[in-house]
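Commentary on secondary and tertiary structure
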Amino acid sequence: MSNIVEPTRLTKKDFETDQDVRWCPGCGDYSILANVQRVMPELGVPLEQMVWVSGIGCSSRFPYYMNTYGFHTIHGRAPAFATGIKVANPKLSVWLATGDGDGLSIGGNHLMHCLRRNVDVKILLFNNRIYGLTKGQYSPTSEVGKITKSTPVGSADQPVDPACVALGVNGSFVARSVDVEAQHLGDVLRRAAHHVGTAFIEIYQNCNVFNDGAFDSFTEKAHKAERQIRVEHGKPLIFGANREKGIRLNMRTLALEVVSIGVNGVTEADIVVHDETNPTLAYMLAHMPYPAFPVALGVLFAETRPTYDGSLSEQRLGAELKQGKPDLDKLLRGGETWTI
Amino acid sequence: MSNIVEPTRLTKKDFETDQDVRWCPGCGDYSILANVQRVMPELGVPLEQMVWVSGIGCSSRFPYYMNTYGFHTIHGRAPAFATGIKVANPKLSVWLATGDGDGLSIGGNHLMHCLRRNVDVKILLFNNRIYGLTKGQYSPTSEVGKITKSTPVGSADQPVDPACVALGVNGSFVARSVDVEAQHLGDVLRRAAHHVGTAFIEIYQNCNVFNDGAFDSFTEKAHKAERQIRVEHGKPLIFGANREKGIRLNMRTLALEVVSIGVNGVTEADIVVHDETNPTLAYMLAHMPYPAFPVALGVLFAETRPTYDGSLSEQRLGAELKQGKPDLDKLLRGGETWTI
Amino acid sequence: MTESNIVTSSSARTVLDSAVVRFAGDSGDGMQVTGDQFTAAAALARNDLATFPDFPAEIRAPAGTLYGVSGFQINFASQDVFTPGDAPDVLVAMNPAALKTNLRDLKRGGLLIVNAGAFNAANLKKAGYETNPLEDGSLNGFNLVNIDITKLTVAAVKEQGLSNKEAHRCKNFWTLGLMFWLYGRPLEPTIKWIQNKFHKRDDLVQANIAALKAGHAYGETAEISHNRYEVPAAPVASGTYRNIGGNTATAWGLLAATQLSGLNMVLGAYPITPASDVLHELSKFKHFGVTTIQAEDEIAAVCAAIGASYAGNIGVTTTSGPGMALKMEGIGLAIATELPLVIVDIQRGGPSTGLPTKTEQADLLQAVYGRNSEAPLCVIAASTPGNCFYMAIEAARLALKYMTPVILLTDGYLANGTEPWLIPKLDELPRIEVKFRTDPQGFHPFLRDPKTLARNWAIPGTPGLTHRIGGLEKDYDSGHISYAPSNHELMCQTRAAKIAGIADDVPEQQIDVGDESGKLLVLGWGSTYGSIREAVQRCRTRGLSVSHAHVHYLNPLPKNLGELLKRFDRVLVPELNLGQLVKLVRSQYLVPAESFPKVQGQPFKISELEERIRQMMES
Amino acid sequence: MTESNIVTSSSARTVLDSAVVRFAGDSGDGMQVTGDQFTAAAALARNDLATFPDFPAEIRAPAGTLYGVSGFQINFASQDVFTPGDAPDVLVAMNPAALKTNLRDLKRGGLLIVNAGAFNAANLKKAGYETNPLEDGSLNGFNLVNIDITKLTVAAVKEQGLSNKEAHRCKNFWTLGLMFWLYGRPLEPTIKWIQNKFHKRDDLVQANIAALKAGHAYGETAEISHNRYEVPAAPVASGTYRNIGGNTATAWGLLAATQLSGLNMVLGAYPITPASDVLHELSKFKHFGVTTIQAEDEIAAVCAAIGASYAGNIGVTTTSGPGMALKMEGIGLAIATELPLVIVDIQRGGPSTGLPTKTEQADLLQAVYGRNSEAPLCVIAASTPGNCFYMAIEAARLALKYMTPVILLTDGYLANGTEPWLIPKLDELPRIEVKFRTDPQGFHPFLRDPKTLARNWAIPGTPGLTHRIGGLEKDYDSGHISYAPSNHELMCQTRAAKIAGIADDVPEQQIDVGDESGKLLVLGWGSTYGSIREAVQRCRTRGLSVSHAHVHYLNPLPKNLGELLKRFDRVLVPELNLGQLVKLVRSQYLVPAESFPKVQGQPFKISELEERIRQMMES
Ligand SMILES: Cc1ncc(C[n+]2csc(CCOP(=O)(O)OP(=O)(O)O)c2C)c(N)n1
Ligand SMILES: Cc1ncc(C[n+]2csc(CCOP(=O)(O)OP(=O)(O)O)c2C)c(N)n1
Ligand code: SF4
Ligand code: SF4
Ligand SMILES: [Mg+2]
Ligand SMILES: [Mg+2]
């Protein structure tokens, strides 16, 4: 068990536990863990004020490796536990680690309601497009036709895109990053940490045992520049090794299209400028079909609005002001009574 | 129990049961029932080939009043039952009646997975923005601050929009209508019936006991023309008593806006033409904030793609072609055996 | 009001020591209001009493239909009352449907007051009458009082110039007035009630008062071939009383727990009949530090409650049968992580959706065994509406002291039934001691109190105690994950021993009625308390050697129960199920306890129990 | 291959009637393959046998760690074998961690073969060894054979010029070769296996064969201070055999049910350890008319299965403990609507997430009682891996015949354990009669077969039989919704009677071992069959008056069970839980059955049972 440490003096080490990490060697979860442990000290949150909640899955082992309070709960329900924790003690900084199965299969409904309520919880969804802990069945993010132990001739159901789901239920902060992109993931984590409300981050994570290389086509150095677009608020949607490509809105089709700047009259002026407060744009970016389009990474959408836990605290406060101290005797004796 | 009736000769009466309808007098469910019973005979589906599945709620009483096969299941799970039914017998025409609580609160996840899998089921979600059967608690579609039995000082969670949710999970057919709009609801039902895949229809339904008049502001004759926009594929998004208003895409903000045709240079050419195959447009229309914008009614999105049940049937067929008749003895004797 | 004068009985009255009255009418006829007012009057007259409202399953069924009938029964007496009574002495039927569905229960020769005004062709047809029972002589066996209440009410209120619909609505107060006359009740309290209920509309105030008085006057003047009654005050312990229903008492007991423990409370709940009212009630008390979360489903509800407990609040979840089934996986986690949790299961008729508005006691075995693997927890049950208050406090006390989920079982009958209740004072109630762990010295999350075996409770926010818990098995000595075989067995046995140990912390089983030993013990639990008690008392007055013991602690069972059972030749276990407690006692004590099951969505009638007891004594 | 020649034993060998061997190594060391091949060889040598693989909970734990150790134990004999054996006679430890975690089980003086090559500083440290056990004399109590298998393997395969990593991977075949030498097994079958396993990479084929032969040769040449063994063929019933594991047998039994009933099957399942393999296996048999739905969760899985049953297929759902808890509300609906449904619960260690990869029998009471209200269903259990096949068929038969959910209980030990299995012929298996209702004449959905009380099954698509069913209570005579009190009781009793009636349709309880009466009966159920049988047999050879009866039908219990229990002075009920079947028999028959619980995530050792039985006989 950890000892008391001055928040100001916190380091990466302070966030590490004495438990040996039990992921497969080479698992993307290691780099996510390292990045989280690297960023947390910057937040100035004391260890004891932070709670990591998770469901069940390889990804959900996460809390055991964070030297904060941690609750490894049951499969798919982490958002509900996190809601109870945050409502009971709004001062806590509550973080959630989940997987594509835990968060979108069995847990899809709780995720959806956590997002719509805008509970002030930070959600990291480790998307490896597979069930890792149960040794390799397809997940709701697996591509159609995926051959797995449970689908020997290929899966028949089409996947959901986690970011699109989050936007469909009015998530107030929706972002994407990649397990091994330390810099980018760090930035996104910081943005999420400072967002007041539910921050949803989909992290593409490689499961090198059951779905190795699922994201290589756009995460590997070689194609990165061509197959990813890093969105930044207020900056034009430009990508490509020589930043020669851009995203434009086709007025006729009302759909986005990839254009080459300079080629037949396309200028930077034609390129859409990212506005993270525009839900439609966020939806279009999240929805861009790959590989026809690059994969949009970064903060797709961010908007500040009242949180569920905040509103409930206000209601409690309001009640105290209006009704005063609790008085059970008065309550029990209210209404019609008689004395003998 | 019904007797065999020639599908061709089916009438509204044939779809009525001997059970007396147990909704409150004046409930919007009555008109939905009447419209469904009016449209069904046109589909040429024999009574015995149709199955109505529901969860629990006032709306979920629906199957008892349809003289077809019917399964009144448990709260929130109807899409899962419907999936099992359709997969077991793809020849059946499977319809589902649910409510905003049944379908989006406890049942949100099953609804989401039914939509993403694109199971060939028609889903009618009766949205009265309240829990009717349990006598009036707020639902996931109730407006923020709603005062109900369970929220005496107002609800703290922001609602979801059913159509947005359906689009967020790649629903292949998403539409909206109103309980009392016989003509419009009838048209939407016909479109849904002919859509191959999951057809999702949100029906604004008045609960005159616990949430009376929830939709009056845009359903009443007086404001209808101004506060509704009936979208039709290939037609410009025009509305208003004198069809003088329209929806335009603001290039700068990448958001829709309401404009008056003829006023400072706006012509019909500026008005967006509805394209029900464009998910972004559907999302924008579903997302339009009311009352700043009119409520979009009609088929917001429709796209044909493989169904879950269809793909599974093909896999079964493929297996029979490839592996031939089932042979248990061969299976049991496959691999390493020895005889004594 | 806290005090009230009651009319002095006129010599013209027959004095009864108890009376059972049932009001029955259309959902729209306001029978519940009538019943409540009649109950208040009986209470103010210091009668002991018990009530039983019986709602239709439909929200607002079409007028005049059989399934739209709403009923309210009250049993009031000058002696102790334990049930709403079996067969009514007086039935008020506001329309044909009400007559059709309720007549079968009325005592032969009982007083039958009907609103002839509602017996028109349409209503008769809806109720399935071929001929008009008021005319075809089929009611000859009863003391029929046949009044056109509709017409008389309309006449009484015409001055207020109400709409026809509104005028008709006053029928129930006219009827109430007549009943007040019959039992010599004062009108003032009801007049006061009408005044502030309708204070926004003076015409309605006047009209309803007029109707009330008209009904009363009708009694005075008209020739009702029937004399008046008096039910004198019951000799009850002195103190301040109120009338209370089970769901309210449960909610208030939980509120009391916050004050007694000094902890905030989070209720995670999903609406379900008949539990929703506890959510509704608690949502009004935010200033008690109570937060209510209407979750997306029962699973989220229990998980949110567990999360709140993890964070140091009292986590509570309330539900009924089907919702209970959904919570079991979550409850298993609370058992594995040893967190306090109060689960209230307000039982209803099943299986599956079953009979949502009817009562049943069939969730006992689900409560005790309904989880995967060895997942022991504490199960207790309330026996009367007022007792729900104390058992709710007890559930919180045990949950906090033993760091365990506790299931409190009540049912639809307790939830909606009412009884006069001696109001306790907060400072008379036992404080609930809660100590959070703060000392990092030698801390690990599964360190146990050697006596209670409860683990120490270290909540997020406590410096130096950061730790991780979860559903995987833990090492007994470090709290870390452990798959070691013998450790697993040790942990399973420790969790079991902790729950078993609760038996040392709860009252020993008492005999509620009768001798400490004898021929027959009637062993009950939950809402059957009143009927069993009354039935046993009656049998004893007939000289039968029978006693009644009522179990409030179902898991663990009271430590003296086995020995107590063995003091009787035979043990009968009446339950509103097919035999559940009887299974528990038979397996635990190997006594040949016999089951007396009833699964009709209705409470036991005293007579049913009496008869069964007598049969056993004869055999 | 269906036939194979075995080597004739050389006189140089010690003939044993049984041997227990355990292979233990890193997850990466291929111990499961080694075990499977060694098992195949024993099977081909016509030994009777039983195996027990023991996986780590982690997918692929870091090399050399204690929790990364993977084990495989086999017990093979020239006589009947019922368990994988208690303590191994021979332990093969491929690294320090494997030695550390497994040594405690090895028989004193047992043969201990270790790969000295893996005993380097790093690995010793990971295993928590201060000093090298191969040198510090701590292994003196054993017959230590200390070989640098790594080095010898690398040498043996160098010609193939494999990467260092790949070369090391051949260690397990070298080891297997040595073990084959030790027990005089032919190399051919394994060589064949290697050839088609690695047919894509000839270098690997050559390398592994070389390693295998090298290990064998090492035995021939090297001076192992140990003589060779022979375990002759066991006298088993003639017929064609295969080795089979429980999950495979369960899946195949379900496939058989489709052929026997002529119905298609829909499996609704959500992956969970140790049940997932049944989903994996069934998903390969679409041409049997089997459709597998990997649902979004367990609730959707069971609901989809019920939907499929409603539509006329055999609805099946497979899961383990926590998933079982989630299915209970759905199962309640299947009970209320009286639809056939097969639920397979492959039990694992709990509570909550518990010990996912370990075995336990603690879901029995959940299976029998874990639903809201009175919701009776049929519960049966398999006793051996091969028995899973027959019990799966039986579950489907009872579900279809009685229109009811049937829960089949197996567990992690049966799921992954294997045994030789006499292969049945499809046409020897009993057909399953299914009649769908087609006649509209007098139809209503809850018309019952007077004998079985099963309702008639009218499936969508049948002209003239359109009807509605649901979870609300139904009228006995029309199937319409009914809230009538007495009807509800009638329906509850009918549902209960239907399940109780199954007792007339299943075999009476047999005594598996021993006399029909006596001093002690050991009553078991499920996967403890082998250990109890063996223990009881051994005690009987010591002349103790003890018998063994093993229950396959748990609800309802066999109709002669009560009478059978009473023929013995005492009854002992060993279970891998804290006492569950014992509760059922005590409450039902009032016999003072005694519990012998074990909850360690491990099966019973024969010796544990023997000892307990002997104690009881002495006391
Ligand atoms: C109620 C329940 N159902 C099923 C399981 C088995 N299970 C554990 S993790 C998991 C899915 C893991 O997939 P994901 O959430 O993507 O996490 P990953 O392992 O891929 O990181 C499943 C099905 C369980 N533990 N509990
Ligand atoms: C498992 C379970 N939880 C809760 C309930 C209680 N319940 C029945 S219907 C309902 C919600 C109904 O709302 P909605 O789906 O909007 O239908 P409506 O009555 O408004 O048409 C609830 C909470 C139940 N029957 N089962
Ligand atoms: S199985 Fe996949 S996700 Fe799980 S730890 Fe191994 S590599 Fe990581
Ligand atoms: S409660 Fe509302 S939704 Fe339900 S039947 Fe009545 S009016 Fe309709
Ligand atoms: Mg995953
Ligand atoms: Mg609703």
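Numbering of residues starts from 1 in each chain and follows the order in which that chain's sequence is written. A letter from A marks each chain and a number from 1 marks each ligand, given out in the order of writing. This being a predicted model, a pLDDT of at least 70 is required before a residue's local features are given, and a value of 80 or more before pairs of side-chain atoms are given or counted; all residues contribute to the totals for chains, interfaces and linings. With hydrogens and water set aside, each side-chain value is computed from the structure's full complement of heavy atoms.

Here we look at the overall build of chain A
Only DSSP runs of H or I covering at least 4 residues are called helices, and only runs of E covering at least 2 are called strands; the numbering of each starts at the N terminus. In terms of regular secondary structure, chain A is built from 11 helices and 12 strands. Viewed in the frame of its principal axes, chain A has a C-alpha envelope of about 95 × 50 × 50 Å. In chain A, buried positions account for 65% of the 340 residues. Contacts: residue pairs with any heavy atoms within 4.5 Å of one another. For chain A, restricting intrachain contacts to residue pairs at least 6 apart in sequence, the fraction spanning at least 24 positions comes to 65%. In this description, accessible areas are obtained by the Shrake-Rupley approach with a 1.4 Å probe, and a residue is regarded as covered only by the protein chains that are shown. As displayed, chain A offers around 11,400 Å² of accessible surface, 55% of which is attributable to carbon and sulfur atoms. Only four residue types enter the charge count: Lys and Arg as positive, Asp and Glu as negative, with His and the chain ends excluded. For charged residues, the charge sits on one atom: NZ in Lys, CZ in Arg, CG in Asp, CD in Glu. One finds the centroid of the 34 positive side-chain charges in chain A at a distance of 2 Å from the centroid of its 36 negative side-chain charges. Each residue is placed in one exposure class: buried if its accessible area under a 1.4 Å probe, protein chains only, is under 20% of its type's maximum, exposed if it is over 50%, and partly exposed if it falls in between.

Brief notes about the overall build of chain C
The number of helices and strands found in chain C is 20 helices and 22 strands. The size measure is the radius of gyration over C-alpha atoms, and the globule rule it meets is 2.2 Å times the number of residues to the 0.38 power. Against the globule reference of 25 Å for 619 residues, chain C gives a C-alpha radius of gyration of 27 Å, in line with a compact fold. Considering only C-alpha atoms, chain C reaches an extent of 85 × 60 × 45 Å along its principal axes. Classification of the 619 residues of chain C by burial places 69% in the buried group. Long-range pairs, those at least 24 residues apart, make up 75% of the contacts in chain C with a sequence separation of at least 6. By element, 50% of the accessible surface of chain C is carried by carbon and sulfur atoms, the whole surface being about 19,400 Å². Of the charged side chains in chain C, 57 are positive and 62 negative; the average position of the first set lies 2 Å away from that of the second.

A closer look at the sheet that holds strand β3 (residues 93-99) of chain A
Sheet strands line up and pair through hydrogen bonds in the backbone, either parallel or antiparallel. Here 9 strands make up an open sheet; going across it, the order is β7(A)-β11(A)-β5(A)-β6(A)-β4(A)-β3(A)-β1(A)-β2(A)-β17(C) and the pairing mixed. Looking along the sheet, the strands with just one partner apiece sit at the ends: β7 (228-231) of chain A together with β17 (468-470) of chain C. Taken over all neighbouring pairs, the strand axes of this sheet differ in orientation by 20° on average, direction set aside. In the sheet, strand β1 (residues 50-54) of chain A pairs with strand β2 (residues 69-72) of chain A via 4 bridges, with the strands oriented parallel. Here a strand pair is declared whenever DSSP counts at least two bridges between the two strands. The axes are straight lines fitted to the C-alpha atoms, using for helices just the contacting stretch, and the angles between their N-to-C directions are given from 0 to 180°.

Comments concerning the site of ligand 2
Proximity criterion: a residue is near a molecule or strand once any of its heavy atoms comes within 4 Å of it. Taken together, 21 residues sit near ligand 2, with C58(B), S59(B), D100(B), D102(B) and E298(C) positioned nearest. At the site occupied by ligand 2, the surrounding residues belong to chains B, C and D. Counted as a polar contact is a pair of N or O atoms within 3.5 Å, where, for protein atoms, one must be capable of donating a hydrogen and the other of accepting one, and residues adjacent in sequence contribute only when both atoms are in side chains. The contact in question runs from an oxygen atom of ligand 2 to an N or O atom on the backbone of G101(B), over 2.9 Å. For ligand 2, whose unbound accessible area comes to 590 Å², protein coverage reaches 98%. Broken down by element, the shell around ligand 2 gets its largest block of residues, 3 residues, from helix α3 (residues 100-104) of chain B.

Some remarks on the coordination of the magnesium ion (ligand 6)
When a metal holds four donors in a tetrahedron, each ideal angle between them is 109.5 degrees; when it holds six in an octahedron, the ideal angles are 90 or 180 degrees. Water is absent from the atoms considered, so a metal site may look incomplete; donors are defined as N, O and S atoms within 2.8 Å of the metal, or 3.2 Å for Na, K and Ca. Surrounding the magnesium ion (ligand 6) are the protein donor atoms D100(B) (OD), N128(B) (OD1) and I130(B) (O), at 2.1 to 2.2 Å. The class of I130(B) is buried, set by a relative accessible area of 3%.

Observations concerning the interface of chain B and chain D
Facing the 62 residues of chain B at the interface are 76 residues of chain D. A simple way to read buried area is as the amount of 1.4 Å-probe accessible surface that goes missing from two parts once joined, with both sides added. A buried area of about 6,000 Å², summed over both sides, lies between chain B and chain D, and 62% of it is on carbon and sulfur atoms. By definition here, a salt bridge exists when the distance from a side-chain nitrogen of Lys or Arg to a carboxyl oxygen of Asp or Glu is within 4 Å. Where chain B packs against chain D, one counts 1 salt bridge. Between E296(D) and R117(B) there is a salt bridge, with its nearest N and O atoms 2.8 Å apart.

So, the packing of helix α1 (residues 28-39) of chain A against helix α6 (residues 182-194) of chain A
Residue and element names in this part refer to chain A. With their axes 10 Å apart at the nearest point, α1 and α6 run at an angle of 50° to one another. With respect to α6, the axis of α1 lies oblique. Crossing handedness for the pair α1 and α6: right-handed. Here I32, N35, V36, R38 and V39 of α1 come into contact with α6, specifically with A182, L185, G186, L189 and R190. An angle counts as roughly parallel when it lies under 35 degrees, as roughly antiparallel when it exceeds 145, as roughly perpendicular when it falls between 65 and 115, and as oblique in every other case. Helix crossings fall into two classes, left-handed where the near helix is turned counterclockwise from the far one by less than a right angle and right-handed where it is turned clockwise.

With respect to the sheet that holds strand β10 (residues 265-269) of chain C
Residues and elements named next belong to chain C. Within the open sheet, the 7 strands sit side by side as β11-β10-β12-β13-β15-β14-β20. Their pairing is mixed. What marks the edges here is a single partner per strand, and that holds for β11 (290-294) and β20 (553-555). This sheet shows a mean twist of 20° between the axes of neighbouring strands, independent of strand direction.

Some remarks on the pattern of salt bridges
Residue and element names in this part refer to chain C. Enumeration over the complete set of coordinates arrives at 86 salt bridges over all chains. The shortest N-O distance in the salt bridge between R22 and D105 comes to 2.8 Å. In this pair, R22 is assigned in strand β2 (residues 18-26) and D105 in the loop between α2 (96-102) and β6 (111-115), connecting sequence segments 83 residues apart. Here R22 falls in the buried class, since its relative accessible area comes to 11%. The salt bridge partner of K598 is E608, with a shortest N-O separation of 3.0 Å.

Structural notes on the coordination of the magnesium ion (ligand 5)
Residues and elements named next belong to chain A. At the metal site, the magnesium ion (ligand 5) is ligated by D100 (OD), N128 (OD1) and I130 (O), and these contacts range over 2.0 to 2.2 Å. All donors to the magnesium ion (ligand 5) come from one chain, and their sequence spacing reads D-x27-N-x1-I. Residue D100 is located in helix α3 (residues 100-104), and its partner N128 is located in the loop between β4 (121-127) and α5 (162-168); the two are separated by 28 residues in the primary sequence. Classification of N128 by relative accessible area gives buried; the value is 8%.

Details of the confidence of the model for chain C
Confidence scores per residue from the predictor, reported as pLDDT, run from 0 to 100. Summing up the model confidence of chain C, the mean pLDDT is 94 and the portion of residues at 70 or higher is 97%. Ignoring residues within four places in sequence, the model shows residues 1-11 of chain C, a span with pLDDT below 50, making 20 contacts including any to other chains.

Describing the state of the cysteines
Residues and elements named next belong to chain D. The disulfide definition used here is simple: a pair of cysteine sulfur atoms within 2.5 Å. This structure, assessed with the given rule, holds 0 disulfides over all chains. With no disulfide partner, C378 has as its closest neighbouring cysteine sulfur the one in C388, 16 Å distant. Relative accessible area serves as the criterion here: at 1%, C378 is assigned to the buried category.

Side note on the site of ligand 4
Contacts to ligand 4 come from W23(B), C24(B), C27(B), C58(B), N128(B), Q205(B), C207(B), N208(B), V209(B), F210(B) and I59(C). In this structure, ligand 4 is bordered by residues of chains B and C. In terms of residue class, the shell around ligand 4 is built from 8 nonpolar, 3 polar and no charged. When residues are sorted by character, Ala, Val, Leu, Ile, Met, Phe, Trp, Tyr, Cys and Pro go into the nonpolar class, Asp, Glu, Lys and Arg into the charged class, and all the rest, Gly among them, into the polar class.

Focus: the interface of chain A and chain D
Across the boundary between the two partners, chain A contributes 30 residues, which contact 24 residues of chain D. The contact between chain A and chain D buries some 2,100 Å² in all, and 57% of this surface belongs to carbon and sulfur atoms. Per-residue buried area on chain A facing chain D is highest for R22(A), I106(A) and S150(A); these three make up 21% of the total on that side. In this structure, the connection of chain A to chain D is made through 7 residue pairs in polar contact (both at pLDDT 80 or more). Taken together, the residues that form the side of chain A that touches chain D break down as 16 nonpolar, 8 polar and 6 charged.

Some remarks on helix α10 (residues 308-323) of chain A
Here the expected length of a helix is defined as 1.5 Å per residue gap, with one fewer gap than residues. With 16 residues, α10(A) ought to run about 22 Å at 1.5 Å a step, and its terminal C-alpha atoms sit 22 Å apart, in line with that. Taken residue by residue, α10(A) has Y308(A), D309(A), S311(A), L312(A), S313(A), Q315(A), R316(A) and A319(A) as its buried positions. Buried positions along α10(A) lie against α2 (78-88) and α4 (108-117) of chain A together with β11 of chain C. Among the residues of α10(A), the N-terminal cap falls to T307(A), whose side-chain oxygen and the backbone nitrogen of G310(A) are separated by 2.9 Å. One or two positions beyond α10(A), positive phi appears at G324(A), with a value near 75°.

Concerning the packing of aromatic side chains
Stacked, edge-to-face and tilted labels apply to pairs of Phe, Tyr and Trp rings (six-membered ring for Trp) whose centres lie within 6.5 Å, assigned for plane angles under 30 degrees, over 60, and everything in between, in that order. All chains considered together, the criterion is met by 60 aromatic pairs over all chains. Relative to F288(D), the ring of F285(D) lies with its centre 5.5 Å away and its plane at 85°, an arrangement referred to as edge-to-face. A single burial state applies to F285(D) and to F288(D), both of which are buried. What links up through ring pairs into an aromatic cluster is the set W23(A), Y30(A), W52(A), F62(A), Y65(A), W95(A) and F126(A). Counted as over-ring charges are cases with an Arg CZ or a Lys NZ within 6 Å of the ring centre that also lie within 35 degrees of the ring normal. The ring of Y67(C) carries R22(B) above its face, with NZ or CZ at 3.7 Å from the centroid. For R117(B), the ring lying beneath its charged end belongs to Y308(B), and the centroid distance is 5.5 Å.

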